[in-house]
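# Fold and geometry: a report
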There are 2 protein chains.
Amino acid sequence: MKLLPRSKFWVERGGEVVLSDWRVQLLEAVVETGSVAGAAHRLHISYRRAWGKVKEMEERLGLRLLVSQRGGRGGGRTRLTPEAEELVKSYRKFRAGLKELVDWRFGEAFPSA
Amino acid sequence: MKLLPRSKFWVERGGEVVLSDWRVQLLEAVVETGSVAGAAHRLHISYRRAWGKVKEMEERLGLRLLVSQRGGRGGGRTRLTPEAEELVKSYRKFRAGLKELVDWRFGEAFPSA
């Protein structure tokens, strides 16, 4: 049976998690579904939990992450603030290819694995 | 307050953890102290826990990791098998500089963090 490398990455502020794969997925799901309720549904978590996570991230970052637009056709949509968009973009850039890099490093160190 | 990248790495076999920073530290402590009891003392864990972890790693890897030498001056010493030495060496090679690489990637993605 083969040995396999595993890795996990996240971002902290003041010793607390502020961004992780899961948290960024949650923000992306808000963008794609247009609401926290839609994001919660997509990620199979409760609305309460999704909302709580967003609030926690906002508090830990000291930033507002979501803005709700009222009215318009089909009612309001929730979107990311420009700061949140920037954070999501940066996180995706940070994460892109990191797993592959770790896998490559593992292959170099464990040639027979 | 600054954002900081965090990362964690480990190695699995058949979906179970076999090597991690902590597990490799345990093996290295056996080498340095010459016994599982000495390693447990150094890592501030019980002998039972240290021994249990070694046995768990051996079972999951399907390899013997430790050999005890009887007798000699000052009694027996416990050492790593050649296979365990190779795994520790490979793990250290795998881990060397990975955190720095992640930090660098983070700096590229979050230039203002």
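Scroll up for the structure.
Below: a short report on this structure. (Residues numbered from 1 in each chain as written. Chains lettered and ligands numbered in written order. Predicted model: local features only at pLDDT ≥ 70, side-chain atom pairs only at ≥ 80, totals over all residues. Heavy atoms only, no water.)

### Describing the pattern of salt bridges
This structure, assessed with the given rule, holds 20 salt bridges over all chains. A salt bridge links A:Glu56 to A:Arg60, with the shortest nitrogen-to-oxygen separation between them at 3.5 Å. Of the two residues, A:Glu56 and A:Arg60 both sit in helix α3 (residues 47-61), 4 residues apart, roughly one turn of that helix. Using a relative accessible area of 22% as the deciding quantity, one classes A:Glu56 as partly exposed. On the basis of relative accessible area, A:Arg60 is assigned to the partly exposed category, the value being 21%. With a shortest N-O distance of 2.5 Å, B:Arg42 and B:Glu32 are connected by a salt bridge. Taken together, the positions of B:Arg42 in helix α2 (residues 36-42) and B:Glu32 in helix α1 (residues 21-33) put the pair 10 residues apart, joining distant regions of the chain. (Salt bridge = Lys/Arg side-chain N within 4 Å of Asp/Glu carboxyl O. Helix = DSSP H or I, 4+ residues; strand = E, 2+ residues; numbered from the N terminus. Buried < 20%, exposed > 50% of the residue type's maximum accessible area, 1.4 Å probe, protein only.)

### Some details on the sheet that holds strand β1 (residues 3-13) of chain B
If you walk across this open sheet you meet the 4 strands as β2(A)-β1(A)-β1(B)-β2(B), and the pairing is antiparallel. Every other strand in the sheet has two partners, leaving β2 (16-20) of chain A together with β2 (16-20) of chain B as the edge strands with one partner each. Neighbour to neighbour, the strand axes of the sheet diverge by 50° on average, direction disregarded. The sheet contact formed by strand β1 (residues 3-13) of chain A and β2(A) spans 4 bridges and is antiparallel. What sits directly across from A:Val11, in β2(A), is A:Leu19. Together, β1 of chain A together with β1 and β2 of chain B form the strand contacts of helix α3 (residues 47-61) of chain B, whose direction differs from that of β2(B) by roughly 115°. (Pairing = 2+ DSSP bridges. Axes fitted to C-alpha atoms, helices over the stretch in contact; angles between N-to-C directions. Contact = heavy atoms within 4.5 Å.)

### Let's talk about the relation of the copies chain B and chain A
If you rotate chain B by 180° and push it 0.0 Å along the axis, it lands on chain A with an RMSD of 0.0 Å. Between the two chains, the operation in question is that of a two-fold axis. Of every C-alpha in chain B, the one belonging to B:Lys8 sits nearest the axis of rotation, 2.5 Å from it. When the interface residues of chain B are mapped onto chain A, 100% of them again lie at the interface, so the same face is used by both copies. (Least-squares fit on C-alpha atoms with pLDDT ≥ 70 in both.)

### Re helix α4 (residues 82-95) of chain B
Since the α-helix packs 3.6 residues into each turn, any two residues three or four apart lie on the same face. All names here are of chain B. In this model α4 runs 20 Å from its N-terminal to its C-terminal C-alpha over 14 residues, within 8% of the 20 Å that 1.5 Å per residue would give. Of the positions making up α4, those classed as buried are Ala 84, Leu 87, Val 88, Ser 90, Tyr 91, Phe 94 and Arg 95. With its buried residues spanning 165° around the axis, α4 presents them on a single face. Residues of α4 that are exposed and point more than 90 degrees away from the buried face comprise Pro 82 and Lys 89. Phi turns positive, to about 80°, at Gly 97, one or two residues after α4. (Expected span 1.5 Å × (residues − 1). Arc of directions from axis to C-beta.)

### Points about the interface of chain B and chain A
Each partner contributes residues to the interface: chain B has 33 residues there, and chain A has 33 residues. Summed over both partners, the interface of chain B with chain A comes to about 2,900 Å²; 65% of that surface belongs to carbon and sulfur atoms. Ranking the residues of chain B by area buried against chain A places B:Arg6, B:Phe94 and B:Arg105 at the top, with a combined share of 22%. If you look at where chain B meets chain A, you find 2 salt bridges. Here A:Arg6 ties to B:Glu12 by a salt bridge, and the two come within 3.2 Å at their closest N and O atoms. For the pair chain B and chain A, the number of links is 17 residue pairs in polar contact (both at pLDDT 80 or more). The set of elements that each furnish at least two residues to the side of chain B that touches chain A consists of β1, β2, α4 and α5 (98-109) of chain B. For the side of chain B that touches chain A, the element with the highest residue contribution is β1(B), accounting for 11 residues. (Buried area = accessible area lost by both parts, 1.4 Å probe. Polar contact = N/O pair within 3.5 Å; in protein donor to acceptor, adjacent residues only side chain to side chain.)

Structural measurements only, silent on function.
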